[in-house]
Amino acid sequence: MQDFLSLSRLELLNFEGNKISEFSLQQQQTSSQKNLPKLQQLILSHNQLISFPPNVSMLISLVCLKLDHNSLKFFLLPPSESDSQPSFALPHLEELWLNHNQLTCLSPVDVGRSFPLLKILKLDENPQLADFPDSFFSQTQLTILTYINTQLTQKTLSLLPSFQLFEERRQVHANKALTLTTL
C-alpha cells in the first residue's frame, strides 16, 4: 500500500470505504524528498479507524482531511516538546471532517499552531461529545462548525470566551457568500 508515496504530483488520495483500521505513512529515506508534497485532500471516510493517523502531519500541503464515518473515540494531539514547534502541524489544513465517529473529546493542545487556517470543522453524529476547546475559536480561522447529534449546544458554545470571535468570522463569511450569490 506504500507505493503511492512516490507519486510527487498526487493531489487527491481517496481510501474511502476500504475497511482500513490503521493508516500509516512511512517516511522517505532522504529528508530532502518529501512524501506526497502536493497532496491536498486525504479521504479516509467510511473505514474502521479507531485512532487519529499519527504521521498524517507529514502531508504538509494537506488542505482537507476527511475522517468521517470511522470509529474514532479521541482526537488528541500530542503535547509540544518545545515552545517554537508544535508536535503535530498541518499548516494549510482548512477542512477537518470528524463527523459520524464515537468522539468523546477534542484536544485543546496547540490547536492554533497545528491548524492555523482551519475554517470548517464537522463534528455531527458524535453523541458522546460534550466538550469543545475554546482554542478552536480563538486560535484558528473557524467559520463553519457543525455539531448535530452531539452534546454540544449553542448555549454551551456561546459561554466559551472566544465564541464572539467565531460569530464575527461566521458573519463575515455569510456576508461574502451572500455577495457572491447576488452578483
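Note: the structure precedes this text.
Values in this document were obtained by computation on a predicted structure and should not be read as measured data. (Residues numbered from 1 in each chain as written. Predicted model: local features only at pLDDT ≥ 70, side-chain atom pairs only at ≥ 80, totals over all residues. Heavy atoms only, no water.)

**Student:** I keep staring at unusual backbone geometry and nothing clicks. Help me out?
**Tutor:** Negative phi is the rule for most residues except glycine; trans is the rule for most peptide bonds. Here His46, not a glycine, exhibits a phi torsion of approximately 55°, which is positive. Positionally, His46 belongs in the loop between β2 (41-43) and β3 (64-66). Its identity as a non-glycine residue notwithstanding, His69 has a phi of 55°, on the positive side. With respect to the secondary-structure elements, His69 resides in the loop between β3 and β4 (74-75). Given the relative accessible area of 26%, His69 is considered partly exposed. (Helix = DSSP H or I, 4+ residues; strand = E, 2+ residues; numbered from the N terminus. Buried < 20%, exposed > 50% of the residue type's maximum accessible area, 1.4 Å probe, protein only.)

**Student:** In this structure, what is going on with the nonpolar core? I would like to understand it.
**Tutor:** Across soluble globular proteins, nonpolar side chains show a tendency to be buried alongside one another. If you look at the biggest cluster of nonpolar residues, it comprises 45 residues, and the most contacted ones within it are Leu42, Leu65, Leu98, Leu123, Phe132 and Leu145. Counting residues per element, the ones that place at least two in this core are α2 (135-138) and α4 (163-182). The residues touching Leu98, leaving out its near neighbours within four places in the chain, are Leu67, Leu72, Phe75, Leu103, Leu106, Leu121, Lys122, Leu123 and Asn126. (Core = buried A, V, L, I, M, F, W, Y, C linked by side-chain atoms within 4.5 Å. Contact = heavy atoms within 4.5 Å.)

**Student:** Would you take a moment to explain the environment of Val56 for this structure?
**Tutor:** Residue placement: Val56 occurs in the loop between β2 and β3. For Val56, a relative accessible area of 1% corresponds to the buried category. Sequence separation between Val56 and Leu42 is 14 residues, and the spatial gap between their C-alpha atoms is 9.2 Å. Every residue in contact with Val56, bar those within four places of it in the chain, is listed here: Leu25, Leu42, Leu62, Leu65, Phe88 and Leu90.

**Student:** Quick question: what am I supposed to make of the sheet that holds strand β5 (residues 95-97) here?
**Tutor:** Sheets are built from strands paired through backbone hydrogen bonds, the pairs being either parallel or antiparallel. Read from one edge to the other, the open sheet built from six strands follows the order β1-β2-β3-β5-β7-β8, with strand pairing classed as parallel. Either end of the sheet is taken by a strand with one partner, and the two such strands are β1 (12-14) and β8 (144-146). Mean inter-strand twist for the sheet, computed between neighbouring axes without regard to direction, equals 0°. Both β3 and β5 contribute to a ladder of three bridges, which runs parallel. From the neighbouring strand, Leu65 faces β5, where its bridge partner is Leu96. (Pairing = 2+ DSSP bridges. Axes fitted to C-alpha atoms, helices over the stretch in contact; angles between N-to-C directions.)

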